Amino acid sequence: MCANYSQLTVRPKGADLKGIKYLAINRAKIVGTGSYLPQNVLLNKDLAELVDTSDDWIFSRTGIRERRTVTDGEALSDLAVNASKNALEMAGISADELDAIIVGTCTPDLPIPSSGCLIQDKLGAKRAFAFDIAAGCTGFIYSLSVAEGFVKSNNFGYILVIGAEVLSKVINWEDRGTCILFADGAGAVVLKKDQEEIGILSTHLHSNGSYWDLLYQPGGGSSKPACRQSIDDGSHYLKMEGNRLFKIAVKALEEVALEAIRHNNITINDLDLWIPHQANIRIIEAVAQRLAFPMEKVFANIHKYGNTSAASIPIALDEANREGRIKKGDLVLLDAFGAGLTWGSVLIRW
Ligand code: COA
């Protein structure tokens, strides 16, 4: 159920002990962040024209005021490429210096091939290999963890890690339980192998497949391929049990935060910034309360973008970084939960 890829490695002082050459610690360090939101802004009052809801209800139950959705012809890879260019620019490298591209998403441009390969082509990242990871809203945390494993164990210089979603295409715009929450966007980071003491300190991943039907898309896969009937019965739309998810999410986010804290021998007070998955401000507030963690040290932008699933953490990380909310040496905790069910954390010394 749990994988921890980041046991801290002790680097012996002095290089050569009985002829053995010790390697310095390999750390995965974030050297660039970027994000991109589509231009189309959908307000709560616009949704109230589609379904029986109101600005008051949506804001008080979720913290969302507005969200972004793609325009016709705009695909996931377009959002991801824009976010990636921003991250590459901050990292000061070009796309052909990338060794790998890993994309957390559940809404790829096409079922085949991966959006990673389409993004590789659009960026011109000729040396890289590319693939997608589907872990629902935990997709970026999973992708970052896998990338960190590559960086530490292999000879990779730079890896581009993306979280991107176009959920507006799989939402039933007549279902008020889901259409008020989900939205589109993309975020990206560039990871670099480094031998400093800063970078990713730990990653923890979890899943529990017995909860798969709390959030899923019944049609369009191999168990129920797209056909006239699947279109007619709306099988290609997301189905969600929001109420049950809410309770599990609070517990999962709390537990995974405590797991990261214990693993790194720190206390909750040592954290400088917590960037949780932006699913519902009430979930975030409930977890902060259970952890006795001050909301001033929580980064939240759900009011502007809604729940962008795998994109929510990299978008928030990029905003926090560009707004100067993260200083060198800060301890930053990222954690998420999502369809699967999946949940996980990444702790970073910035
Ligand atoms: N507008 C107005 N009323 C709504 C509504 C909407 N958009 N959606 C539901 N309601 C109604 C319900 O029908 C219900 O009415 P009733 O009391 O007459 O039966 C009432 O509001 C309460 O519904 P409930 O589902 O208990 O609301 P809630 O407070 O749990 O909020 C969610 C619903 C979906 C916002 C909330 O459960 C949630 O955010 N869950 C987590 C979902 C999530 O994070 N998913 C992604 C995982 S990554």
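For the structure itself, consult the block above.
Everything in this summary refers to the structure shown in the same document. (Residues numbered from 1 in each chain as written. Predicted model: local features only at pLDDT ≥ 70, side-chain atom pairs only at ≥ 80, totals over all residues. Heavy atoms only, no water.)

Our focus in this paragraph is the overall build of the protein. Each helix and strand in the protein was counted, giving 11 helices and 16 strands. For the protein, whose C-alpha radius of gyration is 20 Å, the value lies close to the compact-globule estimate of 20 Å for 350 residues. Principal-axis analysis of the C-alpha atoms places the extent of the protein at approximately 70 × 45 × 40 Å. Residues counted as buried form 54% of the 350 residues belonging to the protein. Within the protein, contacts between residues separated by at least 24 positions form 77% of all contacts whose residues are at least 6 apart in sequence. With the model as given, the accessible surface of the protein reaches about 15300 Å², and the carbon-plus-sulfur share is 51%. The centroid of the 36 positive side-chain charges in the protein is displaced by 6 Å from the centroid of its 41 negative side-chain charges. (Helix = DSSP H or I, 4+ residues; strand = E, 2+ residues; numbered from the N terminus. Rg over C-alpha atoms; globule rule 2.2 N^0.38 Å. Buried < 20%, exposed > 50% of the residue type's maximum accessible area, 1.4 Å probe, protein only. Contact = heavy atoms within 4.5 Å. Areas by Shrake-Rupley, 256 points an atom, 1.4 Å probe, with all protein chains shown as cover. Lys, Arg positive; Asp, Glu negative; His and termini not counted. Charge placed at Lys NZ, Arg CZ, Asp CG, Glu CD.)

Time to look at the site of the ligand. As a structural note, the neighbourhood of the ligand is formed by 24 residues, with Thr53, Arg61, Arg176, Asn243 and Asn280 the closest of them. Relative to its unbound accessible area of 960 Å², the ligand is 72% covered by the protein chains. Listed by contribution, the elements that provide at least two residues to the shell around the ligand are helix H2 (55-62), helix H6 (176-179), helix H8 (242-263), helix H9 (281-291) and strand S15 (331-338). Here the shell around the ligand gets 4 residues from one element, more than from any other, and that element is H8. Here the residues of the shell around the ligand sort into 11 nonpolar, 9 polar and 4 charged. Each of domain 1 (27-194) and domain 2 (199-349) contributes no fewer than three residues to the shell around the ligand. (Near = heavy atom within 4 Å. Nonpolar A, V, L, I, M, F, W, Y, C, P; charged D, E, K, R; others polar. Domains from an automatic or database assignment.)

Evaluation of the coordinates by the stated rule reveals 12 salt bridges. Note that Glu241 is salt-bridged to Arg244, the shortest N-O span being 3.7 Å. The salt bridge partner of Asp318 is Arg322, with a shortest N-O separation of 2.7 Å. In this pair, Asp318 and Arg322 are both assigned in helix H11 (residues 312-322), 4 residues apart and thus about one turn of the helix distant. With relative accessibility at 47%, the residue Arg322 sits in the partly exposed group. (Salt bridge = Lys/Arg side-chain N within 4 Å of Asp/Glu carboxyl O.)

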